[in-house]
Amino acid sequence: MAKVIVVTSGKGGVGKTTTSASISAGLALRGFKTAVIDFDVGLRNLDLIMGCERRVVYDFVNVIQKEASLTQALIKDKHCDNLYILPASQTRDKEALTKEGVGRVIDELKNEMGFEYIVCDSPAGIETGALMALYFADEAIVTTNPEVSSVRDSDRILGILQSKSRHAEEGGSVKEHLLVTRYSPERVEKGEMLSVDDICDLLRIPLIGVIPETKDVLSASNTGMPSIYMKDTVVSEAYQDVVARLLGENREMRFLQAEKKGFFSKLFGK
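Here the residue numbering is sequential within each chain, running from 1 through the sequence in written order. The predicted nature of this model means local features are confined to residues of pLDDT at least 70 and side-chain atom pairs, given and counted, to a pLDDT of 80 or more, with totals for whole chains, interfaces and linings taken over all residues. Remark: hydrogens and water are excluded; side-chain values derive from all non-hydrogen atoms of the structure.

1. Looking at the pairing of strand 6 (residues 139-144)
Part 1 of the argument: The buried fraction of strand 6 is high, at six of six residues.
Part 2 of the argument: By the alternation rule, side chains of strand 6 split into Glu139, Ile141 and Thr143 and Ala140, Val142 and Thr144, which are all buried.
Part 3 of the argument: In the sheet, strand 1 (residues 3-8) pairs with strand 6 via four bridges, with the strands oriented parallel. Bridging across to strand 6, Val6 finds its partner in Ala140. In this scheme, a residue with accessible area under 20% of its type's maximum is buried, one over 50% is exposed, and one in between is partly exposed, where area comes from a 1.4 Å probe on protein chains only. Numbering of helices and strands starts at the N terminus; helices are DSSP runs of H or I of at least 4 residues and strands are runs of E of at least 2. At least two DSSP bridges between two strands are required for those strands to pair.

See the structure below:
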C-alpha cells in the first residue's frame, strides 16, 4: 500500500527541501516508484534543487484546479527513472490548496498511477500549505536544527500532527521520525549547539538520522542535484542511512562524534 511521507518543521531554513529531495531520490534508487510534491505555493524551491526548473510547464495548483492532468504536470527526474516531481505554483495564492483538491491528487497518484511513496515537501510553520501537507501524511519526518528555537517550533508541529491530521481525526496517529540537520559534533563539544541527546529528550520521538554540517549540501543545491546523489560524501551517506531506516533496516547512528585530530593537526590548527 502506498505511503504518504511529509517532511516538515516549525522553522524555515532547516533543510526540509534538501531532505525531501534526497529521501524521495533515495526511495526511487531503491526501486520504489516515488513522487515528491512541493507544497510551498508562491515560493517554490524543490524544482531548483531537483534541477528541473526549466522543465516546469504545469504545476500542483493547475492539477488541483483541473487545468492540467497529473501526466502533464509530473516531471521525470533526470537521474532516476522511478522519481517524479510535482512542482508548486509561483503565481497562485496558498489558499488554492484545498483539502478536497489535494486529497484527489494524492488518491490519483496512489490508485491510478501506482506510486508507492509520495513525499510532501511542506513549507515551514502552520499556514495553509503546511497544514495540507500534514493532513494526509501516514508518516512525518520532523526536521530540526540543533538550536533551541528550531526544536521548540518542531514541538509545536508535533502537536498539530497529533491533533489535525486525517489519521488523528480517525482515531489513529501519524508515525513520527526526528531528523537533525546541520549537526556539528565539534560545536556541540564547545557548547555552541544542542546535542542529539538534548533534542531527543525535548521532542521524545524516534531519531531517524543525523545530517552533518557540510558544504556539500550547498554544492548539491547549486548544481541542481539532490545531496544523496553526491557519491563519496558524508551527506550522501547520511541520507542513505535515513532511507534505510525509513524502510525498516537497522543501521548504526553515525556522525555523532567529533573527529579525533592527530598531533600535527592540533599543532598546526588543521
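Here the narrative resumes, following the displayed structure.
2. As for the packing of helix 7 (residues 148-164) against helix 10 (residues 196-203)
A pair of packed helices can be characterised by two numbers: the angle between their axes and the separation between those axes.
Part 1 of the argument: The angle between two axes is taken between their N-to-C directions and runs from 0 to 180 degrees, where each axis is a line fitted to C-alpha atoms and a helix contributes only its stretch in contact. Between helix 7 and helix 10, whose axes approach to 10 Å, the crossing angle comes to 35°. You can see that helix 7 and helix 10 cross each other, and the crossing is right-handed. Counted together, Val151, Ser154, Asp155 and Leu158 of helix 7 and Ile199, Leu202 and Leu203 of helix 10 form the full contact between these two elements.
Part 2 of the argument: Amino acids are sorted into nonpolar (Ala, Val, Leu, Ile, Met, Phe, Trp, Tyr, Cys and Pro), charged (Asp, Glu, Lys and Arg) and polar (every other residue, Gly among them). Within the contact of helix 7 with helix 10, the residues separate by chemical class into five nonpolar, one polar and one charged. The sense of a crossing depends on the near helix, which, turned anticlockwise from the far helix by less than a right angle, makes the crossing left-handed and, turned clockwise, makes it right-handed. Every residue pair with non-hydrogen atoms within 4.5 Å of one another is taken to be in contact.

3. Here's the deal with the packing of aromatic side chains
Part 1 of the argument: Stacked, tilted and edge-to-face are the three classes assigned to paired rings of Phe, Tyr and Trp, where Trp is represented by its six-membered ring and a pair needs centres within 6.5 Å; plane angles under 30 degrees give stacked, over 60 edge-to-face, the rest tilted. Overall, the coordinates contain four aromatic pairs when judged by the stated rule.
Part 2 of the argument: With 5.1 Å between their ring centres and 80° between their planes, Phe39 and Phe60 make a pair best called edge-to-face. Placement of Phe39 in the loop between strand 2 (34-38) and helix 2 (46-49) and of Phe60 in helix 3 (residues 60-64) is noted, with a sequence separation of 21 residues between them.
Part 3 of the argument: Residue class for Phe39 comes out buried when judged on its relative accessible area of 1%.

4. Regarding helix 12 (residues 234-246)
Part 1 of the argument: Every helix has an expected span of 1.5 Å times one less than the residues it contains. With 13 residues, helix 12 should reach 18 Å at 1.5 Å per residue; the first-to-last C-alpha distance of 18 Å fits that figure.
Part 2 of the argument: Counting buried residues in helix 12 gives 10 out of 13 residues, a clear majority hidden from the surface.
Part 3 of the argument: Those residues of helix 12 that sit buried are Val235, Ser236, Ala238, Tyr239, Asp241, Val242, Val243, Ala244, Arg245 and Leu246.
Part 4 of the argument: Buried residues in helix 12 make contact with strand 1, helix 1 (16-29), strand 6, strand 7 (175-183), strand 8 (207-212) and helix 11 (216-222).
Part 5 of the argument: Of the residues trailing helix 12, Gly248 is marked for its positive phi of about 95°.

5. Thoughts on the confidence of the model for the chain
Part 1 of the argument: The pLDDT score gives, residue by residue, the confidence of the prediction method on a 0 to 100 scale. Mean pLDDT over the chain: 92, with 96% of residues reaching 70 or higher.
Part 2 of the argument: The element-level mean pLDDT for the chain is lowest in helix 13 (residues 263-268), coming to 51, with strand 4 (residues 83-86) highest at 98.

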